[in-house]
Amino acid sequence: MNLVVNGAAVAIDPRPGQCLRTLLRQLGWFGVKKGCDAGDCGACTVHVDGRPVHSCLYPAFRAEGASVTTIEGLAPEGGLHPMQQAFLDAQGYQCGFCTAGMVMTAAALDQAQRRDLPNALKGNLCRCTGYRGIADAIDGVTHVEADAPGAACGRSLPAPAGPAIVTGRAGYTMDVAPEDELAGLTHMKILRAPHPHARIVAIDAAAALALPGVVAVLTHADAPEALFSTARHHHATDDVDDTRVLDPVIRHIGQRVAAVVAESEAVAEAACALIDVTYAPLPAVFDPFEAMAPGAPVLHDKPASSRIADARRNIVAELHGEIGDIAAGLAQADHVFAATYRTQRVQHAHLETHGAIGWRDGEGRLVLRTSSQTPFLTRDALANLFGLPREKVRVVTGRVGGGFGGKQEMLVEDIVALAVLKTGRPVKLEYTRAEQFAASTCRHPMSIEVKIGARADGTLTALALTVVSNTGAYGNHGPGVLFHGANECLTLYRCANKRVDGYAVYTNTPPSGAFRGYGLSQTIFAVESAMDELAHALGIDPFALRRRNVIVPGDALVAYDDHPHDVEFGSYGLDQCLDRVETALRAGPKPDPGPDWLVGRGMAASMIDTVPPRGHVGMSHLALMPDGGFELKVGTAEFGNGTTTVHAQIAATVLGITSAAIRIRQSDTDHVAHDTGAYGSTGTVVAGEATRRAAQALLGRILAVAAARAGVVTDLCRIEGGHVVAGAARIPLADLAPLEAEGRADGSPRSIAFNVQAFEVGVHRRSGEIRLLRSLHAADAGVVINPMQCRGQIEGGVAQAIGAALYEDLLVDAAGAVANPTFRGYHIPTFADVPRTEVFFADTHDTLGPLGAKSMSESPYNPVAPALANAIFDATGVRLRATPFKADELYALIPAEPAEDA
């Protein structure tokens, strides 16, 4: 077959059934991404004879004689297409995994399509941005500011990786050619269990091994017997050890049974079908309340060293705490309110699926290139699991295509490492989208009972939660999500009597895990909905009720115990957040969408500790290089959280240089000694503080050397324009190189950040359709180091939370199988679904964060669902206590006539 790709003639014979996407990647055009292989996400968009197509659906043979353009060939050599430049100017990307496909679609739009972007972009999904930045790029709006020496902090500087992202040159996990150390690359496919609970009696792999091209079939007989947790935390003992690389006991449909390593994916997949497995089915339980009941099947019969709280009752972790006297507090109340709220499974749905490539390097080290938020913790876990010295394991993370907590897990690296160690060959494993939905992790479904006591004036006298969290088949993040979810949702409110009873429970369903908010999005939905219900019952304005009860500086920061901790008021901006949102929400009359539309307004508040408890370490290495530039090495990963940009801005501000003068290398366990990981919103406040300290130390060394050379005191020295001005002397920075310094931060003490969300909604009385008329969000982020980037994080978090509130629902059927393992069956927000969120920043300066900054990336998600539920109630008088809020359920509950206060 002959075709032209990016202006060059190509002669190639596609494999039978091969799609154009895999053919183009085979030719080395890695800007063509895999997001779904079903035509749902648009990440693989290319132009065929000038027309944009989803190349995953386009048969390769149909490109015969065609001219194909990928993102790499969109612009002339060495230049940028106007749409690529527009995406840079507006920063219409975050993780960037969808950006190549988005640019290719946008570049082909005519003027009529540009006026109807909800329809024109319906085939392209973005999980990070909330789409505003994308719309601004297409509309030609510029947000980036010019760089200035020593003035980087507080400016909307562009992401350093921007040019590589918009041209398709940014290297994500799978964007490597099988050359040199990867010569002879093999491919892995996983045979997955068809039963929710069973014991493997026998595995016959003879037919699979006989298939030409099969290198190995790995079963539990080949795997270490050691138990571990897929969750990654600074303290490994925070998580229960209940998992094996390959386990003879199956606990959910989709669990690994065997792994095939073959010369191609097609052969590996065919071999999986030839493996004969004999199962002995066991009783299964899918509901956490039933799982705790007497007589329920026991899912994990593990030794005490696994740290499972009560294995006989399927309780992976439980929590019981009380301050004051909850019974007395309820007795003091003029009004007691109680209700139960429920939240569903939500998939992270990052467009880059889980995957890893493993090999042995020239020194014999085990090397894993992986899409991970925690490369250093993953290295340590692999070394421990396979009995290797830590220095014999290296983990490298390229640019990560989204995470949201889903990649704070070790879901693929262990099985790839096993295959490399067993075969001696390089091995690649990349999840399909169906595997991502059915065999990775999701947000913990929860049932939360809230009981609140209050005086007639709204003063809280009692606040109690009973939380039941479905952790699924394995415990991984079960304890941490339970403990964290029950903390800040209560700490936000001043109340002498608080209590929590919580249970994280095993069931025979896919494992739950870390997810944006880490338990708080579920419990805040319950608490903030209950506070709104209390406000209506007492006849008090919801903003006024919050102001009466929220903590203020000087109050104790307690949830359900009064044990010493390191959380402090580094700054306080909740009052500003409430004021800004209330003023904006009430400016002007409610809109009138037309007949049969009911309009309502609702709000919710939230709080988050800026760093996870009990330690989170970041380390940075900064060097002045012989060319006079600076090289910054950091351990933290970049997956759209913007840490790369922020680190450059912090170092540039301290050194008095432009951020462009700093080259960043990151996410490689060879670069620095340790980094706990990019989770818990720590990229700025922990890893960024390490960078600030490294920059401060390097500045001192540069000025000291320059001062000694010029014979002046350091107070007379400063960096200016690639030189050090030392008294009357002007010394080129290159003449002072090499110099280096390191910085370390441990994330303690911790500060607190706040968010307030409000919506104005229209609800159609006859259909239940919900329209988001306005979205407002105020954030207390301290000194905002990059306003453009932080605003994008907030918009993306709000958009993702809108999806979870309105329609995202990972369905598990009666047999325990995921019923909607595709984007088409699992609705994440599209361009048409998301309103522009009006973002307001509180004016605060945090005493604990680097240059006054606080964390923000995950917290905007948390107050969205309750604010939306509260707005729907205000419009209709219908209280929705379970997410997602579905139109077909809502319309049946709406009264025939509008509620009087609607």
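Above this text you will find the structure in question.
Since the structure is predicted, the reported quantities are computational estimates derived from the model, not experimental observations.

With that settled, the discussion passes to the overall build of the protein chain. Within the protein chain one finds 25 helices and 31 strands. For 902 residues, the compact-globule formula gives about 29 Å, and the C-alpha radius of gyration of the protein chain, at 27 Å, lands near that figure. Considering only C-alpha atoms, the protein chain reaches an extent of 85 × 75 × 60 Å along its principal axes. Split into buried and exposed, the 902 residues of the protein chain put 64% on the buried side. At a minimum sequence separation of 6, the contacts of the protein chain that also span at least 24 residues come to 78%. Summed over all atoms, the accessible surface of the protein chain reaches about 30,400 Å², with 52% contributed by carbon and sulfur.

Helix H24 (residues 864-876) packs onto helix H23 (residues 787-806) with a crossing angle of 55 degrees between their chain directions and a minimal axis gap of 8 Å. Relative to H24, the element H23 lies oblique. The handedness of the crossing between H23 and H24 comes out as right-handed. Of H24, the residues touching H23 (which contributes Val798, Ala801, Ile802, Ala805 and Leu806) are Val864, Ala865 and Leu868.

A word on the sheet that holds strand E11 (residues 276-281). Strand-to-strand pairing in sheets goes through backbone hydrogen bonds, with the strands running parallel or antiparallel. Spatial strand order, E9-E7-E11: three strands in an open sheet with antiparallel pairing. Two strands in the sheet have a free side with no partner beyond their single neighbour: strand E9 (249-250) and E11. Where strand E7 (residues 198-204) lies against E9, two bridges are found, and the strand directions are antiparallel. Its bridge partner lying in E9, Ala198 is registered against Ile250.

Attention shifts here to the pattern of salt bridges. Oppositely charged side chains are able to pair whenever their charged atoms sit close together. Following the criterion strictly, the structure yields 52 salt bridges and no others. Notably, a salt bridge pairs Asp414 with Arg256, separated by 2.9 Å at the nearest N-O pair. Note that Asp414 is positioned in helix H13 (residues 413-423) and Arg256 in strand E10 (residues 256-262), a separation of 158 residues in sequence. Across the salt bridge formed by Arg774 and Glu838, the nearest N and O atoms sit 3.1 Å from each other. Here Arg774, found in strand E30 (residues 770-780), pairs with Glu838, found in strand E31 (residues 837-841); they are 64 residues apart in sequence, far enough to count as distant. Each of Asp361, Glu363, Arg365, Arg394, Asp668 and Asp670 takes part in a single network of salt bridges with overlapping partners.

Here the focus is the packing of aromatic side chains. Tallied over the entire structure, the rule returns nine aromatic pairs. Ring centres 5.9 Å apart and planes at 80 degrees place the aromatic pair Tyr341 and Phe525 in the edge-to-face group. Note that Tyr341 is positioned in strand E13 (residues 335-343) and Phe525 in helix H17 (residues 520-538), a separation of 184 residues in sequence. A relative accessible area of 0% means that Tyr341 is categorised as buried.

Here helix H2 (residues 82-90) crosses helix H6 (residues 132-139) at 130 degrees, and the two axes come no closer than 8 Å. Relative to H6, the element H2 lies oblique. Of the two elements, H2 crosses H6, and the hand of that crossing is right-handed. Contacts from Met83, Ala86, Phe87 and Ala90 in H2 reach Gly133, Ile134, Asp136, Ala137 and Ile138 in H6.

Rules used throughout
- Residues numbered from 1 in each chain as written.
- Predicted model: local features only at pLDDT ≥ 70, side-chain atom pairs only at ≥ 80, totals over all residues.
- Heavy atoms only, no water.
- Helix = DSSP H or I, 4+ residues; strand = E, 2+ residues; numbered from the N terminus.
- Rg over C-alpha atoms; globule rule 2.2 N^0.38 Å.
- Buried < 20%, exposed > 50% of the residue type's maximum accessible area, 1.4 Å probe, protein only.
- Contact = heavy atoms within 4.5 Å.
- Areas by Shrake-Rupley, 256 points an atom, 1.4 Å probe, with all protein chains shown as cover.
- Axes fitted to C-alpha atoms, helices over the stretch in contact; angles between N-to-C directions.
- Parallel < 35°, antiparallel > 145°, perpendicular 65-115°, else oblique.
- Left-handed = near helix turned anticlockwise from the far one by under 90°.
- Pairing = 2+ DSSP bridges.
- Salt bridge = Lys/Arg side-chain N within 4 Å of Asp/Glu carboxyl O.
- Phe/Tyr/Trp six-rings, centres within 6.5 Å; stacked < 30°, edge-to-face > 60°.

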